[in-house]
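Coordinate analysis (summary)
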Amino acid sequence: EVVIEEFLTGEEASFFVLTDGAMIVPIGTAQDHKRVGDGDTGPNTGGMGAYSPAPVLSPMLQGEVIERIIAPTVKTLAEDGTPYSGVLYCGLMLTGEGPKLIEYNCRFGDPECQVLMPRFEGDLGEYMLACAESRLSALRPPPLSDDTVLTVVMAAKGYPGTPEKGGAIRGIEEAEQAGAKIFHAGTGLDADGQLIATGGRVLNVTARGANVREAQDAAYRAIDLLDFPTGFCRRDIGWREVAREGDG
């Protein structure tokens, strides 16, 4: 047997919605960077950074995705007796023929969650409960900041192969005092209480700004305050949108 799959050419983006099995409510867009190296080079990873919102996924395209992809999915699940409620993460390829679905995830995603949640200005629990109780339509649209939030993954050398574990990490407090929020992914404490790397993707250094360029600058200023000799990161997270902002 031979399986023939369509080769999709375009730009990837992620679209997030909440649903209670009937109502569908957008909750943000993001774009992540899967390749390990600058310029989207090297092997794929779980994600080396992301930013939100992703302007390339315009309101018009979001409407098209809901109408052609998400709504039929939610409707079919309900009709089949398996209604879905909660978060739907739609991984999309923006092709010349319009947006096409690559995958669904039933979660906010990583590192997308790290850029979505800082923009959320409401009570997430209230919306999750409304999804579970089939009353999402009773709530106002989820409140999202207009700011751009960008996160850069600090990974241990060797990732995405065999990461170098045990490397000391210093400067967290200084980086956060500079305005960043640092999410721990693969860290622990050694016998002396020193923060060390324990996994492949170790830290998510997250910052915000009025646009991608400002958020990117803020994130890398914080990274430069970290002392993590066995760690590395990409230095171009958000590069596509920075280029578009420059063109504008």
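Quick look at the structure, then. From a predicted model like this one, the values you see are computed outputs, not experimental measurements.

Points about the packing of aromatic side chains
The full count for this structure, using the stated rule, is 2 aromatic pairs. Judged by centre distance (4.9 Å) and plane angle (75°), the rings of Phe16 and Tyr89 are edge-to-face. In this pair, Phe16 is assigned in strand E1 (residues 11-19) and Tyr89 in strand E6 (residues 86-95), connecting sequence segments 73 residues apart. By relative accessible area, which is 0% here, Phe16 ends up buried. Ring centres of Phe120 and Tyr127 lie 5.8 Å apart, and the angle between their planes is 85°; this geometry places the pair in the edge-to-face category. Using a relative accessible area of 4% as the deciding quantity, one classes Tyr127 as buried. Lys181 extends its terminal NZ or CZ atom over the ring of Phe183, reaching a point 5.9 Å from the ring centre.

Digging into helix H5 (residues 212-223)
For an α-helix, the turn length of 3.6 residues means that residues three or four places apart are oriented alike. When the terminal C-alpha atoms of H5 are compared, their 16 Å separation across 12 residues agrees well with the 16 Å that a helix rising 1.5 Å per residue should span. Those residues of H5 that sit buried are Val212, Ala215, Gln216, Ala218, Ala219, Tyr220, Ala222 and Ile223. Its side-chain oxygen at 3.2 Å from the backbone nitrogen of Arg213, Asn211 defines the N-terminal cap of H5.

Re the nonpolar core
Side chains of a nonpolar character, in soluble globular proteins, are inclined to be buried together. In terms of nonpolar packing, the biggest core is built from 29 residues, with Leu150, Val152, Met154, Ile169, Leu203, Val205 and Leu226 touching the most fellow members. Elements with a minimum of two residues in this core: strand E8 (148-156), helix H4 (172-177), strand E11 (195-197), strand E12 (201-209) and H5. Sort the elements by how many residues they give to this core and H5 lands first, with 7 residues. In this view, Val152 contacts Met48, Gly49, Leu203, Asn204, Val205, Ala219, Tyr220, Ile223, Cys233, Arg234 and Ile237; residues no more than four positions away in its chain are not counted.

Description of unusual backbone geometry
Going from Ser52 to Pro53, the amide bond is cis rather than trans, its omega being 0°. A positive phi angle, close to 60°, is found at Asp40, a residue other than glycine. Its place among the elements puts Asp40 in the loop between strand E3 (35-37) and strand E4 (41-44). Phi at Ser134 is positive, roughly 55°, even though this residue is not glycine. Residue Ser134 is classed as exposed on the basis of its relative accessible area, which comes to 52%.

Some remarks on the side chain of Arg234
Relative to the helices and strands, Arg234 is located in the loop between strand E13 (231-232) and helix H6 (239-247). A polar contact of 3.0 Å, which involves the side chain of Arg234, links it to the backbone oxygen of Arg35. Among the polar contacts listed, one links the side chain of Arg234 to the backbone oxygen of Gly37, at a separation of 3.3 Å. Look past the residues within four positions of Arg234 in its chain and what remains in contact with it is His33, Arg35, Val36, Gly37, Asp38, Gly39, Asp40, Met48, Val152, Tyr220 and Trp239.

Section: the environment of Asp20
Inspection of the secondary structure puts Asp20 in the loop between E1 and strand E2 (24-32). The buried category is assigned to Asp20, whose relative accessible area is 10%. Taking C-alpha positions, Asp20 is 37 Å from Ala218, a pair spaced 198 residues apart along the chain. When residues no more than four places from it in sequence are discounted, the contact partners of Asp20 are Tyr84, Ser85, Ala130, Cys131, Ser134, Arg135, Leu136 and Ser137.

Points about the pattern of salt bridges
Inspection of the entire model under this criterion finds 14 salt bridges. Between Asp40 and Arg234 there is a salt bridge, with the nearest N and O atoms lying 2.9 Å from each other. In this pair, Asp40 is assigned in the loop between E3 and E4 and Arg234 in the loop between E13 and H6, connecting sequence segments 194 residues apart. Residue Glu133 pairs with Arg135 through a salt bridge whose shortest N-O separation is 2.7 Å. Owing to a relative accessible area of 30%, Arg135 belongs among the partly exposed residues under this scheme.

Here's the deal with helix H3 (residues 124-132)
Restricting attention to buried positions, one finds in H3 the residues Tyr127, Ala130 and Cys131. For H3, the angular spread of buried residues about the axis comes to 105°, placing them on one side. Against the buried residues of H3 lie E1 and E6. For H3, the N-terminal capping position is held by Asp123, with its side-chain oxygen 3.0 Å away from the main-chain nitrogen of Gly125. The first or second residue beyond H3 is Ser134, which carries a positive phi of 55°.

The rules we used
Residues numbered from 1 in each chain as written. Predicted model: local features only at pLDDT ≥ 70, side-chain atom pairs only at ≥ 80, totals over all residues. Heavy atoms only, no water. Phe/Tyr/Trp six-rings, centres within 6.5 Å; stacked < 30°, edge-to-face > 60°. Helix = DSSP H or I, 4+ residues; strand = E, 2+ residues; numbered from the N terminus. Buried < 20%, exposed > 50% of the residue type's maximum accessible area, 1.4 Å probe, protein only. Lys NZ or Arg CZ within 6 Å of the ring centre and 35° of its normal. Expected span 1.5 Å × (residues − 1). Polar contact = N/O pair within 3.5 Å; in protein donor to acceptor, adjacent residues only side chain to side chain. Core = buried A, V, L, I, M, F, W, Y, C linked by side-chain atoms within 4.5 Å. Contact = heavy atoms within 4.5 Å. Salt bridge = Lys/Arg side-chain N within 4 Å of Asp/Glu carboxyl O. Arc of directions from axis to C-beta.

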